[in-house]
Amino acid sequence: MADGEQQKRDQSAPQDAQDAPGTETEAERRRRRAHFLRELHEAKALRDRVQPRRARAARMRQAMRMRTFRW
């Protein structure tokens, strides 16, 4: 193994410990979640634009679900 590879691995080890799920703060988690939800919404909007028939069918199914839902 080359020394450069070993040094890279040694340097990345502390960062991995910081990125562990138990050590992240609530603000970091919220920021990551907001970023994920933004990208998800963007992806759904893109899919609706490029597949209008499928998007319309999905809207109709959702409307039917809402009509048949009982409180």
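Rules behind the numbers
Residues numbered from 1 in each chain as written. Predicted model: local features only at pLDDT ≥ 70, side-chain atom pairs only at ≥ 80, totals over all residues. Heavy atoms only, no water. Helix = DSSP H or I, 4+ residues; strand = E, 2+ residues; numbered from the N terminus. Buried < 20%, exposed > 50% of the residue type's maximum accessible area, 1.4 Å probe, protein only. Areas by Shrake-Rupley, 256 points an atom, 1.4 Å probe, with all protein chains shown as cover. Salt bridge = Lys/Arg side-chain N within 4 Å of Asp/Glu carboxyl O. Patch = residues over 30% accessible without salt bridge, like charges linked within 9 Å, V, L, I, M, F, W, Y side chains within 5 Å. Lys, Arg positive; Asp, Glu negative; His and termini not counted. Charge placed at Lys NZ, Arg CZ, Asp CG, Glu CD. pLDDT = per-residue confidence, 0-100.

Q: Go over the overall build of the chain with me, naming the residues and quoting the values.
A: When helices and strands are counted, the chain shows three helices and zero strands. Listing the helices and strands of the chain from first to last along the sequence gives α-α-α. Split into buried and exposed, the 71 residues of the chain put 1% on the buried side. Surface accessibility of the chain: about 7300 Å² in total, with carbon and sulfur atoms responsible for 53%.

Q: Quick one: what's the story with the pattern of salt bridges, residue by residue and with numbers?
A: For side chains of opposite charge, pairing can occur when their charged atoms come near one another. One pass over the structure, following the stated rule, counts three salt bridges. R30 serves as the salt-bridge partner of E26, at 4.0 Å between the closest nitrogen and oxygen. Separated by four residues within a single helix, E26 and R30 lie in helix α2 (residues 26-50), roughly one turn from each other. Classification of R30 by relative accessible area gives exposed; the value is 54%.

Q: Break down a positive patch on the surface for me, citing the residues and quoting the values.
A: A surface patch of positive charge is lined by K44, R47, R54, R61 and R65. Sorting the residues of the positive patch by element identifies α2 and α3 (52-68) as the ones contributing at least two each. Note that R47 resides in helix α2. You can call R47 partly exposed: its relative accessible area is 45%.

Q: Which residues make up the confidence of the model for the chain, and what values go with them?
A: Mean pLDDT over the chain stands at 78; residues scoring 70 or higher make up 69%. Per-element mean pLDDT across the chain ranges from 50 in helix α1 (residues 3-18) up to 93 in α2.

Q: Please provide a residue-by-residue account of a nonpolar patch on the surface, values included.
A: A contiguous nonpolar surface patch, about 260 Å² in accessible area, is contributed by F36, L37 and L40. For F36, the position within the fold is in helix α2.

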